[in-house]
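An overview of the molecular structure
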Amino acid sequence: MLDGKDGAGAQKAMEILVALGDIYGAEKMVPIKSAQVSGVSYKNMGEAGLAFLKDWAESGARVRVPAMLNPAGIDIETWSLLGISKGFAEKQIELIEAYKSMGIASTCTCTPYLTENVPDFGDHLAWSESSAVSYANSALGARTNREGGPSALAAAIAGVTPSYGLHLDENRKARSVVDVDCELLDLADYGALGYIIGKKVGNGIPYFHFRKNKKIDADAIKTLGATMAAAGSVALFHVHDYTPEAVRRNMLEKGSERITVKDVSEGYEAMNSKAVDIDFVAIGCPHASLQELEEIATMLKRKKVKAETWITTARKIKKAAARTVKEIEKSGAHVVADTCMIVAPIEELGFKTMATNAGKAACYAPSHCGLSVRFGPLEKCIEAAVTGKWN
Ligand code: F3S
């Protein structure tokens, strides 16, 4: 491939991977089972990104393994209803088409592990969405570094990735033990905890002991991982007696530092502004699961929303939950697929303050979308959607 025998597209992919492998001292390439490619929203990619992709596609690049896209800047079916401009939507569709021409599935979700592609324990992957990387490594015991969009695309085209970092046993052990000594009652609590630990450990690997929560579910893991990836750059964590590697063997380095968390209010304080008027409510970061949609539908029953309200989810989940979606939309809220509150061109829509129960969205909205944020439990966000106020 490097010599160009498989065409210019594959050659370019292999050049990128070899350069990466050299930088990180990889001894070999490892075959991957799938790739998940970020760099999909036209808001982030712009004309230069679009030209780069079209050029690569025109050089004959085609993927060799199953490959999926991260969220784009629009809901492909309802963008005009949501107020997105035609100019943006056309550019966004052009960008998705460039990916599709290389054989990448236009799944446009950050939770492919809920529907499209559930990696097995030990699978090597090249995924780039930070929350999906965290989930694949931590909840499923698969192995992926936190790829950039171009390196994930290169790996999809070449079918391999350089073997370094989290692909290797010796780099997957934790060096920080986190004792969570308070009960977490809501997904937002896991976001607040994720903020505190992400800031503390940076790109480290924390090992959690949940002393008061006996039952941790997949939604809690996805929220915790997403927020740690945003507040720091955590790509792998373990939960004692729960995540697959921690169940199989000792994943804690000797002499690890100890962190005790007695309450998570510091996380709430750090991610909250003092705004009272709410004009935008966004739930579903990472994209909402079926269970989350059902909970939201129950809370919105017989209510009408005042603030613009987006519940973001994967298109496959939206289809599978058609009846629940209908219930939610009776309130005036939108169940939005293919995109999210951070990668959509929210600036075009003129919102000022977003309420959310998602730690990652709360971390990114001020810098990526120019929004003030109110961050709190789902029930409070639903109340804000209905009243337009944060009380
Ligand atoms: Fe997914 Fe967007 Fe959040 S990509 S993790 S919903 S910022």
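To start, this report covers the structure provided alongside it.

Reading guide: rules and limits
- Residues numbered from 1 in each chain as written.
- Predicted model: local features only at pLDDT ≥ 70, side-chain atom pairs only at ≥ 80, totals over all residues.
- Heavy atoms only, no water.
- Helix = DSSP H or I, 4+ residues; strand = E, 2+ residues; numbered from the N terminus.
- Rg over C-alpha atoms; globule rule 2.2 N^0.38 Å.
- Contact = heavy atoms within 4.5 Å.
- Areas by Shrake-Rupley, 256 points an atom, 1.4 Å probe, with all protein chains shown as cover.
- Lys, Arg positive; Asp, Glu negative; His and termini not counted.
- Charge placed at Lys NZ, Arg CZ, Asp CG, Glu CD.
- Near = heavy atom within 4 Å.
- Nonpolar A, V, L, I, M, F, W, Y, C, P; charged D, E, K, R; others polar.
- Expected span 1.5 Å × (residues − 1).
- Buried < 20%, exposed > 50% of the residue type's maximum accessible area, 1.4 Å probe, protein only.
- Polar contact = N/O pair within 3.5 Å; in protein donor to acceptor, adjacent residues only side chain to side chain.
- Salt bridge = Lys/Arg side-chain N within 4 Å of Asp/Glu carboxyl O.
- Pairing = 2+ DSSP bridges.
- Axes fitted to C-alpha atoms, helices over the stretch in contact; angles between N-to-C directions.
- Phe/Tyr/Trp six-rings, centres within 6.5 Å; stacked < 30°, edge-to-face > 60°.
- Lys NZ or Arg CZ within 6 Å of the ring centre and 35° of its normal.
- Core = buried A, V, L, I, M, F, W, Y, C linked by side-chain atoms within 4.5 Å.
- Parallel < 35°, antiparallel > 145°, perpendicular 65-115°, else oblique.
- Arc of directions from axis to C-beta.

1. A word on the overall build of the chain
- Each helix and strand counted, the chain has 14 helices and 14 strands in total.
- Here the C-alpha atoms of the chain give a radius of gyration of 21 Å, agreeing with the 21 Å that 2.2 N^0.38 yields for 391 residues.
- Within the chain, residue pairs in contact and separated by at least 24 positions form 78% of the contacts whose partners lie at least 6 positions apart.
- Of the roughly 15,800 Å² that the chain leaves accessible, carbon and sulfur atoms contribute 50%.
- Each charge sign in the chain was given a centre, from 46 positive and 47 negative side chains, and these centres are 3 Å apart.

2. Concerning the site of the ligand
- Neighbouring the ligand are Pro71, Cys110, Glu129, Ser131, Gly284, Cys285, Pro286, Cys340, Ile342 and Lys360.
- Its residues assigned to classes, the shell around the ligand shows 6 nonpolar, 2 polar and 2 charged.

3. Observations concerning helix α7 (residues 218-231)
- With 14 residues, α7 should cover 20 Å at 1.5 Å per step; its first-to-last C-alpha distance of 20 Å lies within 8% of that length.
- Among the 14 residues that make up α7, 13 are buried, leaving the element largely enclosed by the rest of the structure.

4. Notes on the environment of threonine 339
- One can find threonine 339 in the loop between β12 (334-337) and β13 (353-356).
- Put simply, threonine 339 and glycine 73 are 266 residues apart on the chain and 5.4 Å apart in space, counted from C-alpha to C-alpha.
- Excluding its chain neighbours within four sequence positions, the residues that come into contact with threonine 339 are Pro71, Ala72, Gly73, Ile74, Asp75, Cys108, His287, Thr312 and Ala344.
- Within the structure, the side chain of threonine 339 is placed 2.7 Å from the backbone oxygen of alanine 72, a separation counted as a polar contact.

5. Concerning the pattern of salt bridges
- Scanning the model with the defined rule gives 25 salt bridges in all.
- Two residues, glutamate 253 and arginine 175, come together in a salt bridge whose shortest N-O distance is 3.8 Å. Here glutamate 253, found in strand β9 (residues 252-261), pairs with arginine 175, found in strand β6 (residues 174-180); they are 78 residues apart in sequence, far enough to count as distant.
- The exposure class of glutamate 253 is partly exposed, given its relative accessible area of 26%.

6. Quick word on the side chain of glutamate 292
- Turning to its location among the elements, glutamate 292 is positioned in helix α10 (residues 290-300).
- Since its relative accessible area comes to 8%, glutamate 292 is described here as buried.
- The residues touching glutamate 292, leaving out its near neighbours within four places in the chain, are Leu187, Asp219, Lys222 and His287.

7. Describing the sheet that holds β13
- Overall, parallel pairing links the 5 strands, which are arranged β12-β11-β10-β13-β14 in an open sheet. Edge positions in the open sheet fall to β12 and β14 (372-375), since each of these has one partner strand only. Between one strand and the next, the sheet's axes are offset by a mean angle of 30 degrees, whatever the strand orientation.
- As paired strands, strand β11 (residues 308-313) and β12 are joined by 4 bridges and run parallel to one another. By the bridge assignment, tryptophan 310 is partnered in β12 with histidine 334.

8. As for the packing of aromatic side chains
- Overall, the coordinates contain 10 aromatic pairs when judged by the stated rule.
- With 5.9 Å between their ring centres and 90 degrees between their planes, phenylalanine 208 and phenylalanine 237 make a pair best called edge-to-face. Of the two residues, phenylalanine 208 sits in strand β7 (residues 206-210) while phenylalanine 237 sits in the loop between α7 and β8 (238-239), which places them 29 residues apart along the sequence. Across the pair, phenylalanine 237 and phenylalanine 208 agree in class, each one buried.
- Pairwise contacts between aromatic rings join Tyr190, Phe208, Phe210 and Phe237 into one cluster.
- The lysine or arginine in question, arginine 248, covers the ring of phenylalanine 121, its NZ or CZ lying 3.7 Å from the ring centre.

9. Section: the nonpolar core
- Membership of the largest hydrophobic core comes to 113 residues, with the highest contact counts inside it found for Tyr99, Leu193, Ile197, Phe208 and Phe210.
- Residue contributions to this core peak at 9 residues, all from helix α6 (residues 187-201).
- Excluding anything up to four places from it in sequence, phenylalanine 208 contacts Val178, Val180, Leu193, Ile197, Leu224, Met228, Phe237, His238, Val239 and His240.

10. A look at the packing of α7 against helix α13 (residues 359-369)
- Across the interface, α7 lies against α13 with an axial gap of 7 Å and an inter-helix angle of 25 degrees. One element, α7, and the other, α13, form an angle in the roughly parallel class. On α13, the residues that touch Ala226, Thr227, Ala229, Ala230 and Ala231 of α7 are Gly359, Lys360, Cys363 and Tyr364.
- Tallied by class, residues from the contact of α7 with α13 come to 6 nonpolar, 2 polar and 1 charged.

11. A closer look at the environment of aspartate 279
- Here aspartate 279 is to be found in the loop between α9 (265-271) and β10 (280-288).
- When its relative accessible area of 27% is taken as the criterion, aspartate 279 is described as partly exposed.
- A C-alpha to C-alpha distance of 44 Å links aspartate 279 and alanine 61, two positions 218 residues apart in sequence.
- In terms of polar contacts, aspartate 279 uses its side chain to reach the backbone amide nitrogen of lysine 352, at 2.8 Å.

12. Things to note about helix α12 (residues 322-329)
- If you check which residues of α12 are buried, you get Thr324, Val325 and Ile328. Each buried residue of α12 sits inside an arc of 100 degrees when the element is viewed along its axis, so together they form one side. Seen from the buried face of α12, the exposed residues on the opposite side, beyond 90 degrees, are Arg323 and Lys326.
- Against the buried residues of α12 lie α10, β11, α11 (315-320) and β12.

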